Every structure is written in structure tokens, then in C-alpha cells.
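Here are the chains, one letter per residue:
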Amino acid sequence: MRNLVTGGAGFVGSHIVEKLLSYGEEVICLDNYFTGRKTNILHLKEKPNLEIIRHDITEPILLEVDKIWHFACPASPVHYQSNPIKTAKISFLGTYNMLGLAKRVGARFLMASTSEVYGDPEVNPQSEDYKGSVNTFGIRACYDEGKRIAETLCFDFNRIHNVEIRVARIFNTYGPKMLADDGRVVSNFIVQALRNEKLTIYGNGQQTRSFCYIDDLVNGIIKLMNSDYSKPINIGNPKEFTILELAEIINSKFDWDLKYKFKPLPQDDPLQRKPSIELAKKELDWNPTIELSEGLEKTIDYFKKTL
Ligand code: NAD
Ligand code: UDP
């Protein structure tokens, strides 16, 4: 199998690249290094079945592949809000270009969508049939609406051009290879803790998230690509924590007592998020297995080594 992983030098993409190489498959890793790093994949560069290409997906490219794993897009609010028009362009034009490539070469296309398509949800947990509550003109819209139009493009390429699609709605994922300065809550808290700085809690810390360890996510994504299921499907860990609870669990991993610094809640920050994964259990026989406490320990070990 010849695979193209867009965003292959990023956090999630680099884990997918590594997993596919371990199966002996051919992999083209494509990235423009906006938020990805060469160090995420450099240890793999001697592998004969890996090819690394620097390319911006807002420009077309022609490559002969059988499967496209479409992960290129900044995912952390800090990064996707730093150049919001580019974020919307990556989501629309980048996805359009990669779907066009899938159509030309007859490749199966997996889209890394997100729980953000549900916006600030009025229902909890969120199942795939919930249509979402997204602010079209807020600071998160470039990403949320970008992913919604990307999903739309996938289904229209399927209806009009018979492109085989898979759409994963990914919920908050964490683990080794996250960027230390990414601004996401897990990396922020761990880096702050290791530096003995105060943990920055936005708002009152009562907003919730559900955190999935990267290995669980990668297993779910690979099962989805290899399945026959072609509608959107949630991939995430259904255990829900408040941000203050997350801070306390991270605190319990350190010998010293961590202090908190409260900051304003960013605009449109969703107050709750928890996936229903009934569909993934049924269609993919997938269930996350790594508890938050265990995953955080592995992530803390990674940051201890790399900071
Ligand atoms: P990341 O920022 O670590 O990785 C994104 C990668 O895409 C980076 O390597 C970046 O350099 C690359 N990229 C960005 N713009 C590009 C462009 N124009 N051309 C080529 N490459 C480009 O983020 P991540 O956490 O690994 O997320 C990967 C994908 O998964 C994203 O599409 C994201 O929306 C989705 N996702 C992630 C999460 C999560 O919790 N990590 C949750 C939901 C969805
Ligand atoms: N958050 C926080 N402190 C931080 C970073 C994030 O309290 O230093 C909060 C943020 O406001 C949000 C939650 O943690 O409510 C998850 O934020 P993240 O950026 O990781 O992901 P997303 O909001 O996209 O789910």
C-alpha cells in the first residue's frame, strides 16, 4: 500500500507515519512545517519505505498513492487563530486539492475532522447526528467552519466523483510529540508544572473536555481507514473531566504542590465536550484503553526528556 500522510510531521500525523512504516507500507510524509517539526520524523528518515516532501497543500500536487490520510491543518487554538484566513484556506483549498488528488488516482481519503464541528454543544455527550452549535464569525470559526466545509467537500466528492471517504471526528488528543508551546491545555499544564510555574486556568476551570491518548486515537484511525464505514464517526475518549480536575491529576504526578493562575475564558470556548463513541464501538470494534492518569505519565516522561 502506498500512503500519503498530509501533516505527517505534526503531532498526530507523525504517529500515523510511524505506525504505517511499522507495517512495512510505503509512506509519503507531506508537510510545510507550519506547526510540525522535522524532529518528529527524522529518526525514521533512513527507512527505505519513507519519502518526505515539503509542500503546502493549498497548492496542488500529483502523487501516485492508494490511501490519503489528510491531517494537514494547525489544530491548537493559538496556532489556528494566528493566521485565521490561512486556516480557512487550508481547510477548504487544501482539502479540495487533496480530494482532487484522491479522485485522479483513485485513492481512499481519510479526513481528520474534529469535535469542533459541534461548536459549543447544547447536548452532552455529542453523538454524530448532533448538528452542532457553531458561531460563524467568532475567533474559532476559521477552524470550526473550516472543518465543516471540509466534511462537506468530502461528501460531495463522494457523491459526484465516487471518491471513497472516511471522516473521523477527533476529540482532544494528547501524548508525546505535542509541541511544548502549542497552547493546548495538556502540554501547557505539563510544561508549566515541569518549570514549576503556575498552571494557567482559563475561566473558572469548570469547562469540560475528554482526553484521548495518542495510541488509542491512532488505532481508531487505522481501523476506520480499513473499515467500510463512510459517514462521520467520533474518535475520542468518553471520560469527561473539568479543566480543574485535569490540573489536579497532573498535580498528583509531581512531588511539589502546583499553584494556579486564573485567566479569562477565551471567546467561544466550549463549556462541555464528551464524545458518544457507540458508533465507533459498533462499526469499528474500537474502544480507548489508556486511562488519563497513565497517558499523562507517558506524556510527562516525554516532556521531561525533550524540554
Ligand atoms: P499539528 O499542528 O501538530 O499538525 C498539523 C500538521 O499539518 C503540522 O505538521 C503542520 O506543519 C502541517 N500543516 C499545516 N498547514 C499545512 C499546509 N498548508 N500544508 C502542509 N502541511 C501543513 O496538529 P495535530 O494535533 O497533529 O492535528 C492534526 C490533524 O488532526 C488536524 O487536521 C487537526 O484538525 C486534527 N485534530 C486534532 C486534534 C487533537 O486533539 N490533536 C483534535 C481534533 C482534530
Ligand atoms: N485551557 C486552560 N489553560 C490553558 C490552556 C487551555 O484552562 O493553559 C482550557 C481552554 O480554555 C479549554 C480547554 O482548556 O477550555 C482545552 O483547551 P485546548 O486549547 O487544549 O483545546 P480545545 O479548546 O480546542 O478543546
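Cut-off values and rules
- Residues numbered from 1 in each chain as written.
- Chains lettered and ligands numbered in written order.
- Predicted model: local features only at pLDDT ≥ 70, side-chain atom pairs only at ≥ 80, totals over all residues.
- Heavy atoms only, no water.
- Near = heavy atom within 4 Å.
- Polar contact = N/O pair within 3.5 Å; in protein donor to acceptor, adjacent residues only side chain to side chain.
- Areas by Shrake-Rupley, 256 points an atom, 1.4 Å probe, with all protein chains shown as cover.
- 1 Å grid on protein atoms, 1.4 Å probe; cavity = no way out; pocket = protein on both sides within 12 Å on 5 of 7 lines; lining within 4 Å.
- Points joined across faces, edges and corners; volume = space filled by probe spheres on them.
- Helix = DSSP H or I, 4+ residues; strand = E, 2+ residues; numbered from the N terminus.
- Nonpolar A, V, L, I, M, F, W, Y, C, P; charged D, E, K, R; others polar.
- Axes fitted to C-alpha atoms, helices over the stretch in contact; angles between N-to-C directions.
- Parallel < 35°, antiparallel > 145°, perpendicular 65-115°, else oblique.
- Left-handed = near helix turned anticlockwise from the far one by under 90°.
- Contact = heavy atoms within 4.5 Å.
- Pairing = 2+ DSSP bridges.
- Patch = residues over 30% accessible without salt bridge, like charges linked within 9 Å, V, L, I, M, F, W, Y side chains within 5 Å.
- Salt bridge = Lys/Arg side-chain N within 4 Å of Asp/Glu carboxyl O.
- Lys, Arg positive; Asp, Glu negative; His and termini not counted.
- Charge placed at Lys NZ, Arg CZ, Asp CG, Glu CD.
- Buried < 20%, exposed > 50% of the residue type's maximum accessible area, 1.4 Å probe, protein only.
- Disulfide = S-S within 2.5 Å.

### Here's the deal with the site of ligand 2
Among the 18 residues in the neighbourhood of ligand 2, the closest are listed as Val 185, Thr 200, Arg 209, Asp 269 and Arg 273. At 3.0 Å from an oxygen atom of ligand 2 is found a side-chain nitrogen or oxygen belonging to Arg 140. Between ligand 2 and the protein, one listed contact pairs an oxygen atom with a side-chain N or O atom of Asn 188 at 2.8 Å. Within the complex, the protein chains bury 95% of what would otherwise be the 520 Å² of accessible surface of ligand 2.

### Considerations on the layout of surface pockets
Taken as a whole, the second largest pocket encloses approximately 290 Å³ of empty space. Forming the boundary of the second largest pocket are Val 117, Tyr 118, Glu 128, Asp 129, Tyr 130, Lys 131, Arg 148, Glu 151, Thr 152, Phe 155, Arg 169 and Pro 232. Sorting elements by how many residues they give to the lining of the second largest pocket places helix α4 (residues 141-161) first, with four residues. Its residues assigned to classes, the lining of the second largest pocket shows five nonpolar, one polar and six charged.

### Side note on the packing of helix α3 (residues 84-105) against α4
The contact between α3 and α4 brings their axes to 9 Å, and the two run at 15 degrees. When the interaxial angle is binned, α3 and α4 end up roughly parallel. α3 and α4 meet at a crossing whose hand is right-handed. Contact with α3, carried on its side by Pro 84, Thr 87, Ala 88, Ser 91, Phe 92, Thr 95, Tyr 96, Leu 99, Gly 100 and Lys 103, involves Cys 142, Tyr 143, Gly 146, Lys 147, Ile 149, Ala 150, Leu 153, Cys 154, Phe 157 and His 161 of α4 and no other residues of that element. Looking at the contact of α3 with α4, its residues break down into 12 nonpolar, six polar and two charged.

### Remarks on the sheet that holds strand β11 (residues 232-235)
Taking strand neighbours across the sheet as the criterion, the seven strands line up as β3-β2-β1-β4-β5-β6-β11 in an open arrangement whose pairing is parallel. The sheet is open, and its two borders are formed by β3 (50-54) and β11, each paired with just one other strand. Here the average twist between neighbouring strands, direction ignored, is 20 degrees. Note: strand β1 (residues 2-6) against strand β4 (residues 67-70), four bridges, orientation parallel. Residue pairing in the sheet places Thr 6 in a bridge with His 70 of β4.

### Details of a positive patch on the surface
Taken together, the side chains of Lys 198, Lys 259, Lys 261 and Lys 263 define a basic patch exposed on the protein surface. In this fold, Lys 198 is placed in the loop between α5 (185-194) and β8 (199-202).

### Here's the deal with the site of ligand 1
Contacts to ligand 1 come from 29 residues, most closely from Val 12, Asp 31, Thr 35, Tyr 143 and Lys 147. At 3.2 Å, a side-chain N or O of Asn 32 approaches a nitrogen atom of ligand 1. At 3.4 Å from an oxygen atom of ligand 1 is found a main-chain nitrogen or oxygen belonging to Cys 73. Top element by residues in the shell around ligand 1 is strand β5 (residues 108-114). It accounts for three residues. Across the shell around ligand 1, the residue classes tally to 15 nonpolar, 10 polar and four charged.

### Some thoughts on the side chain of Arg 273
Within the element layout of this structure, Arg 273 appears in the loop between β13 (260-263) and α8 (278-284). For Arg 273, a relative accessible area of 3% corresponds to the buried category. Among the polar contacts made by the side chain of Arg 273, one reaches the side chain of Glu 116 at a distance of 2.3 Å. In contact with Arg 273, not counting residues within four places along its chain, are Ser 115, Glu 116, Asn 124, Gln 126, Arg 140, Phe 171, Asn 172, Thr 208, Arg 209, Ser 210 and Glu 240.

### What about the state of the cysteines?
Note on terminology: a disulfide is the covalent bond linking the sulfur atoms of two cysteines. With the rule as written, the count across this model stands at zero disulfides. Here Cys 73 is not cross-linked by a disulfide; its sulfur's nearest cysteine counterpart is in Cys 142, at 8.4 Å. Take Cys 73: its relative accessible area is 16%, and that puts it in the buried class. No disulfide involves Cys 154; its sulfur sits 13 Å from the nearest other cysteine sulfur, which is in Cys 73. The buried category is assigned to Cys 154, whose relative accessible area is 0%.

### Focus: the pattern of salt bridges
For side chains of opposite charge, pairing can occur when their charged atoms come near one another. On inspection of all chains with the given rule, the structure shows 19 salt bridges. Arg 140 serves as the salt-bridge partner of Glu 116, at 2.7 Å between the closest nitrogen and oxygen. Note that Glu 116 is positioned in the loop between β5 and α4 and Arg 140 in the loop between β5 and α4, a separation of 24 residues in sequence. Exposure remark for Arg 140: the relative accessible area of 7% places this residue in the buried category. For the salt bridge of Arg 166 with Glu 164, the shortest nitrogen-to-oxygen distance reads 3.4 Å. Look at Arg 166 and you get buried, because its relative accessible area is 3%. Under the relative-accessibility criterion, Glu 164 is labelled partly exposed at 38%. A network of salt bridges, in which partner residues are shared, links Glu 116, Arg 140, Arg 209, Asp 269 and Arg 273.

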